[in-house]
Amino acid sequence: MTGAGRARRVRVPGDKSLSHRALMFSALAEGTSELRNVQAGEDVRATARVLRALGCAVPQPTDDGGAIRVEGRGVRSLVAPPDVLECANSGTTARLMLGILAGQTFRSVLTGDASLQSRPMGRVMRPLAAMGVRFQELARPERLPLAIEGGALSGLEYTSPIASAQVKSAILLAGLSGEVDVSVREPVLSRDHTERMLASMGVPVSTDTHADGSVTVRLRHAGALRPISFDVPGDFSAAAYFLGFALLAGCGIIVEHVGLNPTRTGLLRVLERMGARVTQENVRVEAGEPVGDVRAEPSSLEGTSVSAAEIPSLLDEVPVLAVIAARAAGETTVRGAGELRVKESDRIAALVSNLRALGVAVEELTDGLVVRGADRPLRGHVQTYGDHRIAMAFGVLGAVPDNDITVDDTNVAAVSFPSFWRQLDALTGR
Ligand code: S3P
């Protein structure tokens, strides 16, 4: 175990959201893009496979993050796929590809694994249908498998009831592929990687923030996308597990070269309120995205309240926040997080049942949870429900000295972080 003295330096795989987008958008560009550190988890591999099935020359990302070149085909020259497009566990693949397919004149069928087939697609189908896209539900209403046939689209001004980067991105991509103007208003700004990357490729995208905190993003269709050269920064959501470990195990850790886009780093603001010593260092902007190192130092933590407006900026970090809260003094309340019930698993239910199995006092809310933390050893067995983020969050809790926690399915971490357990073992010295 590292002592409280010198901080250990670690790196995490490339950002998942940026990796999906870098592959998709460079496939739509005109010219050759060069991408480095593209994540090689199962979700991003699903995106690469789907793009290849549509005729794009997209290599499979490799574990070493080496450079890959993507020959773009242009926004409307994808080819009809020979087979069903398999999105596996990846909601981002399915929803963003629906946007890209909206402007193509052929019919495609998308499907996914049992988890993805249970997740809502109506949130994307409704706005795209309003633009003129035709869908056929092949099993259950508003679920995969789905057939989509696009073509001549009309523009759209859409107000989304939820802050969802996948919904927003699908509509922006439909505008791009359908060559029409679109706008999306969302109640709170969700991650804005699509806007930043498309802007860096020459697409006119603008954002207006309204007095009530809601945000409108507009895209004007305008010719070809320029290819990019992009070094994908480390995934903040992956870094969050090691920051959590540092805080709980009382050691110093610096995660280097991580994406620090403020629409992703809400966890840092919440941890600071809990008394955590977490700092961003060497922050700079690379290809339109803030990037830097994050340091976590041993800290004593107290509970806090997380409000609905904060949720989009820490959506994927609620599992690791909940396990951190289990060891903080007092109560931590998370509200306005109902979206967590429709992620890779029902994350609220999964967190509540697993924390209870370890003897932690926890209350389930319809849109969140209340965790009553205690500084005592935690022992027991947890279930991942096939969800990578549940597995990794409890992996972190189990790696804390004196805790003894077994996880039913460790392999599921490979969806976003194939080297997670090896890197965690290297930190604990196990
Ligand atoms: C993602 C958006 C988020 C997030 C998911 C990745 C993206 O979902 O939970 O892991 O890359 O656009 P929302 O659509 O709920 O924002």
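To keep things clear, this report deals only with the structure shown in the data block. (Residues numbered from 1 in each chain as written. Predicted model: local features only at pLDDT ≥ 70, side-chain atom pairs only at ≥ 80, totals over all residues. Heavy atoms only, no water.)

**Examining the sheet that holds strand β10 (residues 205–209)**
Next, step 1: Here we have four strands laid out as an open sheet, ordered β8-β9-β11-β10, and mixed in their pairing. Only two strands of the sheet have a single neighbouring strand rather than two, namely β8 (156–159) and β10. Taken over all neighbouring pairs, the strand axes of this sheet differ in orientation by 15° on average, direction set aside.
Next, step 2: One ladder, built from five bridges, connects β10 with strand β11 (residues 215–219); its direction is antiparallel. Bridging across to β11, T209 finds its partner in V215.
Next, step 3: Running at roughly 155° to β8, helix α5 (residues 122–131) makes contact with β8 and β9 (182–186) of the sheet.
Next, step 4: Across the sheet, helix α6 (residues 165–178) touches β8, β9 and β11, and the angle it forms with β9 is around 170°. (Pairing = 2+ DSSP bridges. Helix = DSSP H or I, 4+ residues; strand = E, 2+ residues; numbered from the N terminus. Axes fitted to C-alpha atoms, helices over the stretch in contact; angles between N-to-C directions. Contact = heavy atoms within 4.5 Å.)

**Section: the side chain of E297**
Next, step 1: Structurally, the position occupied by E297 is in strand β15 (residues 289–297).
Next, step 2: In terms of polar contacts, E297 uses its side chain to reach the side chain of R295, at 3.0 Å. (Polar contact = N/O pair within 3.5 Å; in protein donor to acceptor, adjacent residues only side chain to side chain.)

**Topic: the sheet that holds strand β1 (residues 8–10)**
Across a sheet, paired strands are connected by hydrogen bonds in the backbone, their directions being either parallel or antiparallel.
Next, step 1: Taken together, four strands build an open sheet; the order of strands is β1-β13-β15-β14 and the sheet is mixed. Pairing within the sheet leaves two strands with one partner each, and these edge strands are β1 and β14 (277–286). Across this sheet, the average inter-strand angle for adjacent strands is 20°, counted without regard to direction.
Next, step 2: As defined by bridge partners, β1 adjoins strand β13 (residues 253–259) across three bridges and the pair is classed as parallel. Residue R8 lies in a different strand from β13, and its bridge partner there is I253.
Next, step 3: Together, β1, β13, β14 and β15 form the strand contacts of helix α8 (residues 236–249), whose direction differs from that of β13 by roughly 165°.

**Some remarks on the side chain of S419**
Next, step 1: Mapped onto the elements, S419 comes out in the loop between β21 (404–407) and α13 (420–428).
Next, step 2: Reaching out from S419, the side chain makes a polar contact with the side chain of Q423 at a distance of 2.8 Å.

**Regarding the pairing of strand β7 (residues 146–149)**
Next, step 1: Across four bridges, the pairing between strand β5 (residues 107–111) and β7 is antiparallel. Paired with L110 across the bridge in β7 is L146.
Next, step 2: By the bridge criterion, four bridges tie strand β6 (residues 134–137) to β7 in an arrangement that is antiparallel. Pairing of Q136 across the sheet is with A147, part of β7.

**So, the packing of helix α1 (residues 16–28) against helix α7 (residues 193–200)**
Next, step 1: The N-to-C vectors of α1 and α7 enclose an angle of 35°; their axes lie 10 Å apart at closest approach. Regarding α1 and α7, the two cross each other, and that crossing is right-handed. Side by side, α1 and α7 meet where S17, L18, R21, A22 and F25 of the first sit next to H193, T194, M197 and L198 of the second.
Next, step 2: Taken together, the residues of the contact of α1 with α7 break down into five nonpolar, three polar and one charged. (Left-handed = near helix turned anticlockwise from the far one by under 90°. Nonpolar A, V, L, I, M, F, W, Y, C, P; charged D, E, K, R; others polar.)

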